[in-house]
Amino acid sequence: MNKENSVILDIRNLHREFKMGEETVKALNGVSFTISKGEFVTIMGSSGSGKTTLLNILGCLDKPTSGTYLLDGIDIGKLSKTQLAGYRNRKLGFVFQSYNLLARTSALENVELPLMYNKDFSAKQRKEKALKALEAVGLSQRVHHLPNQLSGGQQQRVAIARALVNDPVMILADEATGNLDTRTSYEIMMLVQELNDVQGKTIVFVTHEPDIASFSKRTITLKDGKIIKDAVNTNVQNAKESLASLPPIDEEITNPVT
Amino acid sequence: MRIVNLIQLALRAIKRNKMRAFLTMLGIIIGVAAVIAMVAIGQGSKQSIQSQLSGMGSNMIVIRPNSNIQGGARLDNTTVQTLTEPDVAALEKDPQYFTAVSPQVSSRGQVINGPNNWTTNIQGVSPDFLKIRSWPLQEGVNFTQQDVKTSAKVCLVGQTIVSNLFPDGSDPIGKMIRFKNIPFKIIGVLSKKGENTFGQDQDDVILAPVTTVQKRILATIYYQTIFASALDEKSTDKAVDEITNVLRASHKLPPGTDDDFTVRSQAELINTFTATSQILTILLAVIAGISLIVGGIGIMNIMYVSVTERTKEIGLRMSIGARGIDILMQFLVEAILISVTGGLIGVAFGIAATKLVTIFLHWPTLVTQASVILSFMVCFITGVFFGYYPALKASKLDPIEALRYE
Ligand SMILES: Nc1ncnc2c1ncn2[C@@H]1O[C@H](COP(=O)(O)OP(=O)(O)OP(=O)(O)O)[C@@H](O)[C@H]1O
Ligand SMILES: [Mg+2]
């Protein structure tokens, strides 16, 4: 098996039900697919279609009611809570819609956080890795800033650096651009594309917006807990070019560069 | 997470809510400070009582008259009159386990030397009294058995009397002073003894022959106390029995009736004080326990608030790989740190309060290492005990729900 085709994620007939008193909500109703190393997959679907539920299971935060989930060849369904925590710590990186940075804690310390829960790293190694991750997201100049001293886009970059710092096999993002304007969203997507193309990171990205999905190589569409479409994107957009083609922002019009 | 990181994390969380942490600690601070101060006062007085009692001569035996009337009005021992001259004679006749015997009577009144006057106690005793109490003379001589026989108007004075009646510093030996208009010639000065545990000035005393005080001042034939000295410390119990038998015979008490006197040895007194201080210690332990429970409940309360406030943070930490035990330790260390810091501040306050008591009230105090270490350990345990449940609650949170918490 060559490198491009090695499967790192394999789910089969996944079901997830929530019991709400008398009725059961079938958030996931028989979902199966595989993701190979180096893929950039977006998951789309209307609100309530089960995207977050799926991502939580992929992220080892939740367990399916039935069905199997193999991550890196290991059956996640058989692991204990503590083992799952270890998996999240060493194999996965999360990016959330609302950034979820620790308040009053510097960018550097926020990025170091996952390594704090890994005894293999010394304080020095943690700092080195965190600085490297911050550099990768273009925030070398902001390492000692606190979250409330950063813009939304910068905060999301810190969150991406935090997801990168432990060298995960896969990065999971749930509407990571949901709180950002178009321009900043594209900047973030530029970074995500770079991580995928240059560093070969596997990325699963949940989004509502078709233009965001157009930056990915493959899109899985959910409806009522089922996959209704799983298509390879033949026309991948380049976020850098899309960014350049956006109309210039107001400031540049009112204050022309002299 | 490593313990250093856990402590850093807890310190930071405490620093962010300084006022809240301080108020939470307050219960612990007050509890520990109170216990440290009270134990110090208790230990101090215990030690000083013990050293004084043994300084008095641990061989000393005290005999006091005692009412043996059951019911009715009980009289205090200055009005109860059972000890008389024949008792002392009987005791002195053929003692086996004790040596010196001295009766004692005392009277309060004004003593005058020219323009200087002072209100004090005059004690009528026998020459053996100084030996029994181990009170040495600084200068001059003791009065004699002959002086007792003749009711001689001579006396020995303590340092406080000297400084009040002879403020010019002149030598008091040979001078005449008047107590209730009766002239006494000073023939000796007692050496300085200072205050006793109860704050009484032991130098504020005049000693005169017992008969002089009895006849010329009190007009009584009774004694208020008889002092004796056991041969040695081991024979005190036997001496007490012997004295009891002699006095019962002397008082012609039929078998089966109560004694009309009380004989107590110094050793017994020491035991009484030790027992009292044990009760005190138990009482202190109870107070300490209650205040630490109250303080601990305060910590528990604030830790629950803290866990709820930081639900989202807990969810985030779990999502990036914190295990239940990591979250548990985070909050447990914070609770322990709050209570132990409170304990340390409490110890500091307690020691400061103890010093103030010594400086302003002149009470003897003693801060023992054991009380400091013990309160420290109790604080640690309080932190663990009351911090555990909030921490356990935090560790049991579901990461998805915690992340969604607003
Ligand atoms: N903890 C839960 N308890 C009960 N029902 C739940 C729970 N979580 C999700 N659901 C239900 O499962 C379904 C899928 O929810 P999910 O959050 O996965 O949707 P989504 O695709 O992420 O939607 P959105 O785009 O709005 O975020 C919904 O009907 C939701 O009500
Ligand atoms: Mg969602």
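Just so we're clear, the structure is a prediction, and the values are computed from it rather than from any experiment.

K.L.:
Go over the overall build of chain B with me, naming the residues and quoting the values.
P.N.:
Regarding its fold elements, chain B presents 13 helices and 10 strands. Projected onto its principal axes, the C-alpha positions of chain B cover 105 × 60 × 40 Å. Looking at chain B as a whole, 47% of its 406 residues are labelled buried. For chain B, the proportion of contacts with a sequence separation of at least 24, taken over those separated by at least 6, is 77%. Within chain B, the 30 negative side-chain charges are centred at a point lying 8 Å from the centre of the 36 positive side-chain charges.

K.L.:
Lay out the overall build of chain A with the relevant residues and their values.
P.N.:
Assigned secondary structure in chain A consists of nine helices and 10 strands. Rg of the C-alpha trace for chain A: 19 Å, near the compact-globule value of 18 Å for 258 residues, within the 12% margin. With respect to the principal axes defined by its C-alpha atoms, chain A has extents near 65 × 45 × 45 Å. In chain A, the proportion of contacts linking residues at least 24 apart, taken out of those at least 6 apart, comes to 71%. Surface summary for chain A: the accessible area is close to 12500 Å², and the carbon and sulfur share equals 50%. Within chain A, the 29 negative side-chain charges are centred at a point lying 7 Å from the centre of the 31 positive side-chain charges.

K.L.:
Which residues make up helix H3 (residues 107-116) of chain A, and what values do they have?
P.N.:
By the criterion of burial, H3 of chain A is predominantly enclosed, with nine of the 10 residues buried. Restricting attention to buried positions, one finds in H3 of chain A the residues Ala-107, Leu-108, Asn-110, Val-111, Glu-112, Leu-113, Pro-114, Leu-115 and Met-116 of chain A.

K.L.:
How would you summarise empty space enclosed by the protein if you had to cite specific residues and measurements?
P.N.:
Residue and element names in this part refer to chain B. For the coordinates displayed, the defined rule picks out three cavities of 30 Å³ or more. Considering only enclosed or pocket space, the largest cavity measures out at about 100 Å³ in volume. Those elements giving two or more residues to the lining of the largest cavity turn out to be helix H1 (3-16), helix H2 (18-55), helix H9 (266-309) and helix H11 (324-361). Grouping the amino acids of the lining of the largest cavity by side-chain chemistry returns six nonpolar, three polar and three charged.

K.L.:
Break down the interface of chain A and chain B for me, with residues and values.
P.N.:
Opposite the 26 residues of chain A that make contact, chain B presents 21 residues. With both sides pooled, the region where chain A packs onto chain B buries about 2200 Å², and carbon together with sulfur makes up 56% of that total. For the chain A face of the interface with chain B, the top three residues by lost area are Leu-61, Tyr-117 and Lys-119 of chain A, together amounting to 28%. The salt bridge involving Glu-109 of chain A is made with Arg-12 of chain B; its shortest N-O contact spans 2.4 Å. Counting the contacts that link chain A with chain B gives eight residue pairs in polar contact (both at pLDDT 80 or more). Counting residues per element, the side of chain A that touches chain B draws most heavily on helix H2 (residues 81-91) of chain A, at five residues. Considered class by class, the residues forming the side of chain A that touches chain B number 11 nonpolar, seven polar and eight charged.

K.L.:
Explain the pattern of salt bridges to me, and be specific about the residues and the numbers.
P.N.:
Pairing is possible between side chains of opposite charge, provided their charged atoms come close. All names here are of chain B. Evaluation of the coordinates by the stated rule reveals 20 salt bridges over all chains. As a salt-bridge pair, Arg-248 and Asp-259 come within 2.3 Å of each other at their nearest N and O atoms. Note that Arg-248 is positioned in helix H8 (residues 236-251) and Asp-259 in the loop between H8 and strand E10 (261-265), a separation of 11 residues in sequence. Overall, the relative accessible area of 17% leaves Arg-248 in the buried class.

K.L.:
Break down the pairing of strand E6 (residues 92-95) of chain A for me, with residues and values.
P.N.:
Residue and element names in this part refer to chain A. Residues Leu-92 and Phe-94 line one face of E6 and the alternating positions Gly-93 and Val-95 line the opposite face, and both faces are buried. In terms of strand pairing, E6 meets strand E7 (residues 170-174) through four bridges, oriented parallel. Across the sheet, the residue bridging to Leu-92 is Met-170, located in E7.

K.L.:
Tell me what's going on with the domain arrangement of chain B, and back it up with residues and numbers.
P.N.:
Considered domain by domain, chain B is made up of domain 1 (3-52 + 272-404) and domain 2 (81-259). Taken over C-alpha atoms, the centre of domain 1 of chain B sits 54 Å from the centre of domain 2 of chain B.

K.L.:
Residues and numbers for a nonpolar patch on the surface, please.
P.N.:
Where nonpolar side chains cluster on the molecular surface, the patch consists of Leu-356, Ile-359, Phe-360, Leu-361 and Trp-363 of chain B and spans about 560 Å² of accessible area. Checked against the element boundaries, Leu-356 of chain B lands in helix H11.

K.L.:
Go over the site of ligand 1, please, and point to the residues and values.
P.N.:
Around ligand 1 lies a shell of 15 residues, among which Ser-47, Gly-48, Lys-51, Thr-52 and Thr-53 of chain A are the nearest. Chains contributing residues near ligand 1 are chains A and B. Separating an oxygen atom of ligand 1 from a side-chain N or O atom of Ser-47 of chain A is a distance of 2.5 Å. Take Thr-52 of chain A: an N or O atom from its side chain is 2.6 Å from an oxygen atom of ligand 1. The fraction of the free accessible surface of ligand 1 (630 Å²) that becomes covered by protein chains is 69%. Secondary structure elements with two or more residues in the shell around ligand 1: strand E1 (7-20), strand E2 (23-36) and helix H1 (51-58) of chain A. It is H1 of chain A that provides the largest number of residues to the shell around ligand 1, a total of three residues. Looking at the shell around ligand 1, its residues break down into four nonpolar, eight polar and three charged.

K.L.:
Would you mind going over unusual backbone geometry in detail, with residue names and values included?
P.N.:
All names here are of chain A. The residue Asp-167 is not glycine, and still its phi comes out positive at about 50°. A relative accessible area of 46% means that Asp-167 is categorised as partly exposed. Although it is not a glycine, Glu-175 sits at a positive phi angle of roughly 50°. With respect to the element layout, Glu-175 can be found in the loop between E7 and helix H6 (182-197). In this structure Glu-175 comes out as buried when scored by relative accessible area, which is 16%.

K.L.:
Residue-level account of the confidence of the model for chain A, with values.
P.N.:
Looking at chain A as a whole, the pLDDT averages 91, with 94% of positions reaching at least 70. Within the model, pLDDT remains below 50 along residues 252-258 of chain A, and this stretch shows one contact once partners closer than five positions in the same chain are excluded.

So, how was this worked out
Residues numbered from 1 in each chain as written. Chains lettered and ligands numbered in written order. Predicted model: local features only at pLDDT ≥ 70, side-chain atom pairs only at ≥ 80, totals over all residues. Heavy atoms only, no water. Helix = DSSP H or I, 4+ residues; strand = E, 2+ residues; numbered from the N terminus. Buried < 20%, exposed > 50% of the residue type's maximum accessible area, 1.4 Å probe, protein only. Contact = heavy atoms within 4.5 Å. Lys, Arg positive; Asp, Glu negative; His and termini not counted. Charge placed at Lys NZ, Arg CZ, Asp CG, Glu CD. Rg over C-alpha atoms; globule rule 2.2 N^0.38 Å. Areas by Shrake-Rupley, 256 points an atom, 1.4 Å probe, with all protein chains shown as cover. 1 Å grid on protein atoms, 1.4 Å probe; cavity = no way out; pocket = protein on both sides within 12 Å on 5 of 7 lines; lining within 4 Å. Points joined across faces, edges and corners; volume = space filled by probe spheres on them. Nonpolar A, V, L, I, M, F, W, Y, C, P; charged D, E, K, R; others polar. Buried area = accessible area lost by both parts, 1.4 Å probe. Salt bridge = Lys/Arg side-chain N within 4 Å of Asp/Glu carboxyl O. Polar contact = N/O pair within 3.5 Å; in protein donor to acceptor, adjacent residues only side chain to side chain. Pairing = 2+ DSSP bridges. Domains from an automatic or database assignment. Patch = residues over 30% accessible without salt bridge, like charges linked within 9 Å, V, L, I, M, F, W, Y side chains within 5 Å. Near = heavy atom within 4 Å. pLDDT = per-residue confidence, 0-100.

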